[in-house]
Amino acid sequence: MKIDRAALYLLAMPLVAPFRTSFGEERVRHALLVALEGDGRIGWGECVASSGPWYSGETVNTARHALLDFALPLLRGKEVNHPQEIARLLAPIRGHPMAKATLEGAAWDLVAQREGKPLAAVLGGTRDRVPAGVSVGIQEDIPTLLARVGNYVAEGYRRVKLKIEPGWDLEPLAAVRERFPDLPLSVDANAAYTPSDASHLNQLDRFGLLMVEQPLRHDDLVGHARLAETLNTPICLDESITSPHRAWEALELGACRIINVKQGRIGGLSAVLEVHRLAQERGVPLWCGGMLETGIGRAVNAAVASLPGFTLPHDISATDRYYHEDIALPPFLLEDGHIRVPTRPGLGVEVDLVRLHRFAVGMWTWHR
Ligand code: OSB
Ligand code: MG
């Protein structure tokens, strides 16, 4: 198959509620989508980059630049029979993992459609539904937090992850733990602490957490390994794991015991399969993280989460936790605390073009 054309769409999707983390607040999710045309089919990819460089260095605009000016031209004239060939063709581009993953994802959709199989089956997934967790942003105050968590628990979410930062950690956590003594609970600091906070972080041990996600700087593997010497709560890395090689380094160093896998952050679905292999060899539990994706990215995440090594609840929540109106249909529903893995060929979701155009704030095209 040759890649004939690509259309890039930048969408501004209003979130149902502001989402606040230690690095900032999002009210509108900017999503860069690519529609890749090959062999008369369209494959869709969603870039997980945000509008600003706070979670990672990439943004929707750096990704657009990397895609239009460097990545797509590398595909010109090339025969692509497997998405892993896309990963190989894009290898000369240093950095820009989220941009590269977008193209690779669209190619996996094309190939899965061609084979008439759902993406999960093509990847090697073995589950038809995956346990859903929910990521709860930093709130105004503790009563608001308790109400929000209470609603999610009532809806059936299997695990709640609280965003923390200095000044919003032990107190809200104690309140949630007291109200919900048996709730599977974790925290995510998004790199808000420093090694000098070690004794403060050690107090997390009294809450029976599944894990603490990315307490320290995005690039501090050694710091996490040192923190792990005194902290009993398992450390899970998110921002730090930017490639399969970095996953290997983190595990070798003892910087984490769990990995939050985001296909965009590590450079694509081929990289996911590599991390999966590595984790399986070592018995390291994985789970699939989220980036407030539209239904396109969520379909990919559900397929990833269906792999055998993904054993912990995921940041894959129902569509209505993110958007009143998603651009991909049907919406993902919470059923008995689980999200169903799509079973139709390719991503298994349909892009609603009327909604796509309603939320679009930019469009660019490329052809070979
Ligand atoms: O750190 O996992 C994170 C959202 C945007 C950026 C970073 C993170 C998150 C989340 C949301 O926690 C997870 C989701 O999509 O439900
Ligand atoms: Mg995280």
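*Asks:* For this particular structure, what's the right way to read the pattern of salt bridges?
*Replies:* Pairing between side chains of opposite charge can happen when their charged atoms approach one another. Going through the model one piece at a time under the given rule, you end up with 22 salt bridges. Measuring nitrogen to oxygen at the nearest pair gives 2.8 Å for the salt bridge that ties D4 to R368. Linking D4 in strand β1 (residues 3–21) with R368 in the segment after β15 (360–367), this pair joins segments that are 364 residues apart in sequence. Across the pair E335 and R340 runs a salt bridge whose closest N-O atoms are separated by 2.5 Å.

*Asks:* When you look at the domain arrangement of the protein in this model, what are you seeing that I'm missing?
*Replies:* The figure often quoted for interface size is the accessible area lost as the parts come together. For the protein, the domain assignment lists domain 1 (5–116 + 352–367) and domain 2 (121–340). Distance from the C-alpha centre of domain 1 to the C-alpha centre of domain 2: 23 Å. Between domain 1 and domain 2, the contact holds 36 residues from the first and 39 residues from the second. Carbon and sulfur atoms make up 63% of the area that domain 1 and domain 2 hide from each other, which totals about 3400 Å².

*Asks:* What is the right way to read the coordination of the magnesium ion (ligand 2) from this model?
*Replies:* Each pair of donors in an ideal four-coordinate tetrahedral metal site encloses 109.5 degrees, whereas pairs in an ideal six-coordinate octahedral site enclose 90 or 180 degrees. Every protein donor of the magnesium ion (ligand 2) is listed here as D188 (OD), E213 (OE) and D238 (OD), and their distances to the metal cover 2.0 to 2.3 Å. Mapping the donors of the magnesium ion (ligand 2) onto the primary sequence yields the spacing D-x24-E-x24-D. On the criterion of sequence distance, the pair formed by E213 in strand β8 (residues 212–213) and D238 in the loop between β9 (235–237) and α9 (244–253) is long-range, its members being 25 residues apart. Both residues of the pair, E213 and D238, belong to the buried class.

*Asks:* Hey, could you run me through the packing of helix α1 (residues 60–75) against helix α3 (residues 97–115) in this one?
*Replies:* To describe two helices that pack against each other, one gives the angle between their axes and the distance between the axes. In the contact formed by α1 and α3, the axes pass within 9 Å of each other and the chain directions differ by 55°. Here α3 runs oblique to α1, going by the angle between their axes. Considering how the two elements wind past one another, α1 and α3 form a crossing that is right-handed. For the pair α1 and α3, contact is made by A63, A66, L67, A71, L72 and L75 and by A99, T102 and L103, respectively. In terms of residue class, the contact of α1 with α3 is built from 8 nonpolar, 1 polar and no charged.

*Asks:* Help me understand the packing of aromatic side chains, please; the structure alone is not making it clear to me.
*Replies:* A ring pair, where both rings are aromatic, is described by two values, the distance of the centres and the angle of the planes. With the rule as written, the count across this model stands at 4 aromatic pairs. Arranged with centres 6.3 Å apart and planes meeting at 55°, the rings of F23 and Y55 form a pair that is tilted. Here Y55 lies in the loop between β3 (41–47) and α1 and F23 lies in the loop between β1 and β2 (24–38), a separation of 32 residues in the sequence. Geometrically, the ring pair formed by Y152 and Y157 is edge-to-face, given 5.7 Å between the ring centres and 85° between the ring planes. On the accessibility criterion, Y157 (5% relative accessible area) is buried. Between R358 and the ring centre of F359, over which it is positioned, the NZ or CZ distance is 5.9 Å.

*Asks:* When you look at the pairing of strand β7 (residues 185–188) in this model, what are you seeing that I'm missing?
*Replies:* Look at any regular strand and the pattern is simple: side chains alternate between the two faces of the sheet. Of the two faces of β7, the one holding L185 and V187 and the one holding S186 and D188 are both buried throughout. Of the pairings in the sheet, the one linking strand β6 (residues 159–163) to β7 comprises 4 bridges and is parallel in character. Bridging across to β7, L162 finds its partner in V187. Running through helix α6 (residues 170–179), the crossover from β6 to the neighbouring parallel element β7 is right-handed.

*Asks:* Hey, could you run me through the sheet that holds β8 in this one?
*Replies:* Hydrogen bonding along the main chain pairs the strands of a sheet, whether they run parallel or antiparallel. Within the open sheet, the 7 strands sit side by side as β5-β6-β7-β8-β9-β10-β11. Their pairing is parallel. The open sheet has two edge strands with one neighbour each: β5 (133–136) and β11 (286–288). Pairing analysis gives 2 bridges linking β9 to strand β10 (residues 258–261), with the strands arranged parallel. In the sheet register, C236 faces β10, and the bridge partner there is I258. Its contacts with the sheet place helix α5 (residues 142–155) against β5 and β6, and it is angled at close to 165° to β5.

*Asks:* Where do I start with the pairing of β1 in this structure?
*Replies:* Looking at chain direction, β1 and β2 are connected through 14 bridges and run antiparallel. Note on β2: the bridge partner recorded for R20 is E25. Where β1 hands over to β2, the hairpin turn is made up of 2 residues, counted between the paired strands. Pairing analysis gives 7 bridges linking β1 to β15, with the strands arranged antiparallel. Directly across from R5, in β15, lies its bridge partner H367.

*Asks:* Could you clarify how one ought to interpret the sheet that holds β15 in this entry?
*Replies:* On the basis of which strands lie adjacent, the open sheet formed by 4 strands has the order β3-β2-β1-β15 and antiparallel pairing. Among the strands making up the open sheet, the edge pair consists of β3 and β15. Strand-to-strand twist of the sheet, defined as the mean angle between neighbouring strand axes without regard to direction, takes the value 20°.

Thresholds, definitions, all that
- Residues numbered from 1 in each chain as written.
- Chains lettered and ligands numbered in written order.
- Predicted model: local features only at pLDDT ≥ 70, side-chain atom pairs only at ≥ 80, totals over all residues.
- Heavy atoms only, no water.
- Salt bridge = Lys/Arg side-chain N within 4 Å of Asp/Glu carboxyl O.
- Helix = DSSP H or I, 4+ residues; strand = E, 2+ residues; numbered from the N terminus.
- Domains from an automatic or database assignment.
- Contact = heavy atoms within 4.5 Å.
- Buried area = accessible area lost by both parts, 1.4 Å probe.
- Donors = N, O, S within 2.8 Å, 3.2 Å for Na, K, Ca; no water.
- Buried < 20%, exposed > 50% of the residue type's maximum accessible area, 1.4 Å probe, protein only.
- Axes fitted to C-alpha atoms, helices over the stretch in contact; angles between N-to-C directions.
- Parallel < 35°, antiparallel > 145°, perpendicular 65-115°, else oblique.
- Left-handed = near helix turned anticlockwise from the far one by under 90°.
- Nonpolar A, V, L, I, M, F, W, Y, C, P; charged D, E, K, R; others polar.
- Phe/Tyr/Trp six-rings, centres within 6.5 Å; stacked < 30°, edge-to-face > 60°.
- Lys NZ or Arg CZ within 6 Å of the ring centre and 35° of its normal.
- Pairing = 2+ DSSP bridges.
- Right-handed = clockwise from strand over helix to strand, strands pointing away.

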